[in-house]
Amino acid sequence: MSLSGADVRKLALLARLELSDAEVAVLGPQLARILDFVEQLSELDTEEVEPMTTALDVVNRWAPDKLHRSLTVDEALAAAPRRDESCFLVPPVLGPAH
Amino acid sequence: MSRLDTEHQVETIIGLEVHVQLRTQTKLFCRCSTEFGAPPNTQTCPVCLGLPGALPVINEHAIELAIRTGLALNCEIPPLTKWDRKQYFYPDLPKGYQISQFDLPICADGFLEITDPADDTHTRRIPLVRAHLEEDAGKSMHDEAAGISDTRIDLNRCGTPLLEIVTQPAMRSAAEARAFLSELKLLLTHLGVSDCEMQEGSLRVDANVNLHIEADGKEIATPIVEIKNMNSFRAVERAIEYEVRRQYIDWEDTGETIEDRAKQTRGWDDAAEATFAQREKEESADYRYFPDPDLLPVRLPRERIEAAQATLGELPAATRQRLQSQYDIKAYDADVIVNQGPAMIAYFETTAETAGDGRRASAWMQQDVMRSLKESDWEIGTFPIPAIDLGRLLRKVDAGELDNARARDVFQYMLENDTDAEGAIEALGIVAVDAGEIEALCRELLEANPKVVEQVRGGKEQAIGALIGQAKKKNPNANPQQVKETCLRMIREG
């Protein structure tokens, strides 16, 4: 499977990566090799096989709706690159994204 | 059908995506509080902050509430449901993905029946595509004035359980979309699965709108627009109405159809009363959904679904039907009562049963009770007249002890004074007037108004109306109907 430069740039955009032309040229073939590797799976006949949602043999691992202690503001913001008294700070965002 | 000034036949096509916050105490995948209005970043933990190594654990109650909602919406609850990651970058989504459900949602298909806003004797069935569980994102606060300062992020809301309910593009007018939302809110608040407070974000609506235009013997579809940022049902209605006009004009100007343009996102500006273009919607594939390896699937055995079904009780649509048949009231009247919620239904039923007359009770609910509630901004739960007292008052009207006008005086007195019907009747000096008194009163009126008598004899029976007012002045307790009948009889008898 081959990937065009445009494909690579679109993936980079979705991943918010800034790639130089040189990097696109290197990464394109690398990504193609990864896809080819995974593509080998398509050789298998899965016609009669039920799709699997998990490799584990357990389901319904859930917890009751009981309140636990949350972090304090300072604990929550401890790893923030920038903060004010109560919030994370990020560069100005224009318009909603989703 | 929208009202456009055009010779073309234009049909509006509307589909809704409604996010409702489920009424759990804690979040979908961690046990932080979901309470609204807490100080920023005081309801977070490593899971909802998306810290490395933190693992989500499903909130069982959210599953239960989703099942109840799905069943009430006539959905199928498949035996297996699973979780998927929806990837996108935004500062209020710390993990870089939202845990949602892609191909195996918890609720499939389904429908909700609404009263046709164009014809209240008709029911419209709005089919649903699905309803799936997902976690909410955090909140970004932009400095609107400056626009250049930092954006502040509060992650309290991150991970709050949402059920996204997706309709088929089955609605044909803004009024219908609004009716759907009102009915959905009524159902969900009745079930207690969500508060549905748009102001607090516990109910959010996106509307997908386009037009099918008949032109040159062909049906042309305009590009689909998803409208966001609508903060009330009224805003949804107005935004859709606006969008219908805008798309029509746009089509006339550019001729652009659904073939020429991908789905766009437009935001509703309530103050400007217009929608504005937002960034082009990413294609679904761009979210790169894949199964979340941190979470196990959920298996829901038949017995569990049946147990949930058994707890649903009577739903609003069934209550409407029952009120109509049990109390012999019209569909419209049953609708008005049921739409006010459980407290109003209970009030009506007690009043109707005490009065022994469902229709009269209903008429008084629609007029006097609801008007008073509106005027004084009361809730039915704290209405000063208990249902049983109103019922007793109406029983007297039914028995002919009071006419409607006098009963209204009594009602007003009961509202203003803490007293029951008997007390109000006594305080107002209302006494039953016997037939002899009425006859005397009528004789006096007829003698004083020979002209009216002439007119009635000449076949103009309605002339008698002039005497009713006079009778009321002379004796406020005189029943107008009785006065009228007595006068006519006396004229006939000469």
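Look up a bit, the structure's there.
Residues numbered from 1 in each chain as written. Chains lettered and ligands numbered in written order. Predicted model: local features only at pLDDT ≥ 70, side-chain atom pairs only at ≥ 80, totals over all residues.

A. View of the overall build of chain B. For chain B, the helix and strand inventory stands at 16 helices and 18 strands. Over its C-alpha atoms chain B spans a radius of gyration of 30 Å, topping by over 25% the 23 Å that the globule rule assigns to 494 residues. In terms of overall dimensions, chain B has C-alpha extents of about 95 × 55 × 50 Å along its principal axes. Looking at chain B as a whole, 38% of its 494 residues are labelled buried. (Helix = DSSP H or I, 4+ residues; strand = E, 2+ residues; numbered from the N terminus. Rg over C-alpha atoms; globule rule 2.2 N^0.38 Å. Buried ≥ 20, exposed ≤ 12 C-beta atoms within 10 Å, placed from the backbone.)

B. Geometry of the sheet that holds strand β17 (residues 290-291) of chain B. Residue and element names in this part refer to chain B. Within the open sheet, the three strands sit side by side as β5-β4-β17. Their pairing is antiparallel. Only two strands of the sheet have a single partner each, and these edge strands are β5 (97-100) and β17. As defined by bridge partners, strand β4 (residues 84-87) adjoins β17 across two bridges and the pair is classed as antiparallel. Across the sheet, Arg 85 pairs through a bridge with Phe 290, a residue of β17. (Pairing = 2+ DSSP bridges.)

C. Fine view of the environment of Ser 149 of chain B. In this structure, Ser 149 of chain B sits in the loop between β9 (139-141) and β10 (151-154). For Ser 149 of chain B, the contacting residues outside a window of four places in its chain are Pro 92 of chain A together with Asp 143 of chain B. (Contact = placed C-beta atoms within 7 Å.)

D. View of the interface of chain A and chain B. On the side of chain B, 44 residues touch chain A, which itself brings 34 residues to the contact. When residues of the side of chain A that touches chain B are traced back to their parent elements, those giving at least two are β1 (62-63), α3 (73-76) and β2 (88-90) of chain A. By residue number, the principal contributor to the side of chain A that touches chain B is β2 of chain A, which donates three residues. Grouping the constituent residues of the side of chain A that touches chain B by class yields 21 nonpolar, eight polar and five charged. (Nonpolar A, V, L, I, M, F, W, Y, C, P; charged D, E, K, R; others polar.)

E. Expanded view of unusual backbone geometry. Residue and element names in this part refer to chain B. The backbone phi angle of Glu 273 is positive, close to 55 degrees, even though this residue is not glycine. Structurally, Glu 273 is set in the loop between β15 (264-269) and β16 (274-277). Accessibility expressed as a C-beta count within 10 Å gives 12 for Glu 273, which makes it exposed. Within the chain, Asp 377 stands out as a residue other than glycine whose phi angle is a positive 55 degrees. Mapped onto the elements of the fold, Asp 377 is located in the loop between α9 (358-376) and α10 (387-398).

F. Spatial organisation of the nonpolar core. All names here are of chain B. With 77 residues, the main nonpolar core has Ala 66, Ala 177, Phe 180, Ala 207 and Ile 240 as its most contacted residues. If you tally residues by element for this core, the top one is helix α3 (residues 174-191), at eight residues. Ala 177 has contacts with Ile 14, Leu 16, Met 171, Ala 207, Val 236, Glu 237 and Ile 240, leaving out every residue within four places of it along the chain. (Core = buried A, V, L, I, M, F, W, Y, C linked by C-beta atoms within 7 Å.)

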